[in-house]
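# Descriptive structure summary
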Amino acid sequence: MNEFADDRQMAGFKDFYQFSAPTRVIAGRDLLAGAGFEFAKEGARRVLLVTDEVIRATGLLDRVAEGLTDGGLAVAAIYDAVPQDSDSAVVAAIAELARESGADAFLALGGGSVMDSAKVANVLFTHGGTAREWEGYYGLPRADDGGGRALELAPLACIPTTAGTGSEVSFAAVIKDREAHVKYQIGDFALIPRLAILDPAATATLPPPLAASTGMDALTHAVEGYVSRDWNAHADAYALHALRLIRANLERAVHSPQDESARGNMLIAAALAIMPTTSGALGIAHSLSHPCGALYDVPHGVANAINLPATIEYNAAGGEDIAARYRDVAEVLGVAGAGDVGHALAEHVRALVASLGLPTRLSQVGVPESGIPLLVEGAMGDACTLVNPRAPSAQELAELYRRAL
Ligand SMILES: [Fe+2]
């Protein structure tokens, strides 16, 4: 154990932190057929199924719908048109369909976009308004006095079909505003799904490039969560075990899609990796990546895979205490060497990204150098920048983009 880790555990008692992990998680094999039995325990009766066309075409949706009816629940309606990045209009359409069909619960079957769409549609379904009107943290209606917990939404269950986002257990959702070219976040305790079903059968048809990019999103969550200014003991436990699982399973899950154990362990890793971010904020890899998605449609996990290495080098150079946190990450990931931990860890991540077959440069995914000023503007304003261990200037963010081009 290195010196700083000792310090963090013995002297680093924080004045305050909060941590909440209320989602009932069931993980294992052959769980789709029991979806109705399990979701009934959360109060669901008439379920709106939310998914995308790709998932629907795999036949997974039919298995889940069958599982719901076998458990005595009704399928009120199916919304299967969630795009790669959910947006305000899609969320409104889902909420409207829920009302029209008399649904009283939501089940999201898909990746981050599908789950985030269902989460925010649930807000509109319960409280009305538009998605953008609910932007921000802790802004959902509370009981009469305005204090206390946010009022409950309809029951929401999530069955992730990618192992990356962690949205199935998280309190935030990211939605794209296509007109304004921004991605905005909505976060509150009421958004946390009641039930997450982690079954590798749901990721069996996930193609290797998507397993790779979403897995890199999970890795980024664990790394950024661990080094965040918002670190705390609960978060550390989740982040470090997520990193162990990712180290042992990510490459197998990508290169051997039929490896059910690796695929299942990555689902668990993703659900653990998001938990350090109770506040919904991560670090500047995410700050850099959100505008890449908003302006150039770069998939979230791909953007993180490209942006993470340079942010590690930048952050680790910000002081011995920050470097020490990265040494913990390096140790768990099996990165050897006592020298410059930022460089060693960044090189390790670069090699991993390449071995997974993902792009390694922003210029490969349609981001032009001329876009940097606008990208920097988005990254500076991103909530994730606030919890990064170093406070970057606009010039430093521009330099990070340039290094990733
Ligand atoms: Fe992410």
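Description of the structure in this document. Note that the coordinates shown come from a computational prediction; the quantities given were computed from them, not determined experimentally. (Residues numbered from 1 in each chain as written. Predicted model: local features only at pLDDT ≥ 70, side-chain atom pairs only at ≥ 80, totals over all residues. Heavy atoms only, no water.)

### Quick notes on the overall build of the protein chain
Rules: A helix here means a DSSP run of H or I that spans at least four residues, while a strand means a run of E at least two residues long, and both kinds are numbered starting from the N terminus. Two things to know: the radius of gyration comes from C-alpha atoms, and the globule rule equals 2.2 Å times the number of residues to the power 0.38. Burial here depends on accessible area, computed with a 1.4 Å probe over protein chains only, as a share of the maximum for the residue type. Under 20% is buried, over 50% is exposed, and the range in between is partly exposed. Note on definitions: a residue-residue contact is assigned when non-hydrogen atoms from the two residues lie within 4.5 Å. Residue burial considers only the protein chains on display, and all accessible areas are found by Shrake-Rupley using a 1.4 Å probe. Note on charges: Lys and Arg go in the positive column, Asp and Glu in the negative column, and His and the chain ends are not counted at all. Note that the charge is assigned to NZ on lysines, CZ on arginines, CG on aspartates and CD on glutamates.
For the protein chain, the count of helices and strands is 15 helices and nine strands. Relative to the compact-globule value of 22 Å for 405 residues, the protein chain shows a C-alpha radius of gyration of 20 Å, a close match. For the protein chain, the spread of C-alpha atoms along the principal axes amounts to about 60 × 45 × 45 Å. Here the protein chain holds 405 residues, and 58% of them are scored as buried. Taking the contacts inside the protein chain whose residues are at least 6 apart along the sequence as the reference set, 79% of them involve residues at least 24 apart. Only carbon and sulfur atoms are counted for the fraction: they give 54% of the accessible area of the protein chain, which is about 15800 Å². Positive and negative charge centroids in the protein chain, built from 30 and 49 side chains respectively, lie 2 Å apart.

### Observations concerning the coordination of the iron ion
Rules: Water is not among the atoms examined, so metal sites may look incomplete; donors are the N, O and S atoms within 2.8 Å of the metal, or within 3.2 Å for Na, K and Ca. Geometry assignment treats four donors as tetrahedral when all angles are between 85 and 135 degrees, treats four as square planar and six as octahedral when opposite donors are over 155 degrees apart and all others between 65 and 115, and treats everything else as irregular.
Taken together, Asp217 (OD), His221 (NE2), His286 (NE2) and His300 (NE2) make up the protein donors of the iron ion, found 2.1 to 2.2 Å from the metal. Geometry at the iron ion is irregular, judged from the four donor atoms that bind it and their angles of 85 to 169° at the metal. Here the donor residues of the iron ion are spaced in sequence according to D-x3-H-x64-H-x13-H. Placement of the pair is Asp217 and His221 together in helix α7 (residues 208-227), with a separation of four residues, close to one helical turn. Given a relative accessible area of 5%, Asp217 falls into the buried group. Judged by its relative accessible area of 3%, His221 falls in the buried class.

### Things to note about the packing of helix α10 (residues 284-296) against helix α15 (residues 394-404)
For the record, the criterion: Lines fitted to C-alpha atoms define the axes here, with helix axes fitted over just the stretch in contact, and angles between the N-to-C directions of these axes take values from 0 to 180 degrees. Under this scheme an angle from 65 to 115 degrees is roughly perpendicular, one under 35 degrees roughly parallel, and one over 145 degrees roughly antiparallel; angles in between are oblique. Put simply, Ala, Val, Leu, Ile, Met, Phe, Trp, Tyr, Cys and Pro go in the nonpolar bin, Asp, Glu, Lys and Arg in the charged bin, and everything else, Gly too, in the polar bin.
In contact at an axis separation of 11 Å, α10 and α15 are set at 70° when each is read in the N-to-C sense. With respect to each other, α10 and α15 are oriented roughly perpendicular. The segment α10 lies against α15, with Ile284, Ser287, Leu288, Pro291 and Cys292 engaging Leu397, Leu400 and Tyr401. Looking at the contact of α10 with α15 residue by residue, the class counts come to seven nonpolar, one polar and no charged.

### Considerations on the pairing of strand β4 (residues 105-110)
Heads up, the condition is: Two strands form a pair only when DSSP identifies at least two bridges running between them.
Most of β4 is tucked away: six of the six residues are buried. Here β4 shows two buried faces, one formed by Ala105, Leu107 and Leu109 and the other by Phe106, Ala108 and Gly110. Of the strand pairs in this sheet, strand β2 (residues 46-50) and β4 are connected by four bridges, and their pairing is parallel. Paired with Val50 across the two strands is Ala108, which belongs to β4.

### Looking at the nonpolar core
The nonpolar side chains of soluble globular proteins are, as a tendency, buried together. Inclusion rule: We call a set of buried residues a nonpolar core when its members are Ala, Val, Leu, Ile, Met, Phe, Trp, Tyr or Cys and they connect through side-chain atoms within 4.5 Å of each other.
Judged by nonpolar contacts, the single largest core of 74 residues is most densely connected at Met216, Leu219, Leu243, Tyr326 and Tyr401. Contact partners of Met216, with chain neighbours within four places excluded, come to Leu250, Gly301, Ala305, Val349, Leu352, Val353, Leu356 and Leu358. Residues Ala77, Ala131, Ala154 and Ile175 belong to the second largest nonpolar core, which totals 35 residues.

### Some details on the sheet that holds β2
The strand order β1-β9-β6-β4-β2-β3 describes an open sheet built from six strands, whose pairing is parallel. Edge strands, defined here as strands with exactly one partner in the open sheet, are β1 (24-27) and β3 (74-79). Within the sheet, the average angular offset between the axes of one strand and its neighbour, ignoring direction, is 20°. Where β1 meets strand β9 (residues 195-198), four bridges bridge the pair, whose relative direction is parallel.

### Re helix α9 (residues 260-273)
What counts here: By this rule, a helix spans an expected 1.5 Å times one less than how many residues it contains. Pairs of N or O atoms are called polar contacts if they sit within 3.5 Å, as long as, within protein, a hydrogen donor faces a hydrogen acceptor (for residues adjacent in sequence, only side-chain-to-side-chain pairs).
A rise of 1.5 Å per residue sets the reference length of α9, with its 14 residues, at 20 Å; its end C-alpha atoms lie 20 Å apart and thus fit the reference within 8%. Among the 14 residues in α9, 10 count as buried, and that is most of the element. Taken residue by residue, α9 has Ala262, Arg263, Gly264, Met266, Leu267, Ala269, Ala270, Ala271, Leu272 and Ala273 as its buried positions. In the core, the buried residues of α9 are packed alongside β6 (156-160), β9, α7 and α8 (233-255). The opening residue of α9 is Asp259, an N-cap whose side-chain oxygen sits 3.2 Å from the backbone nitrogen of Ser261.

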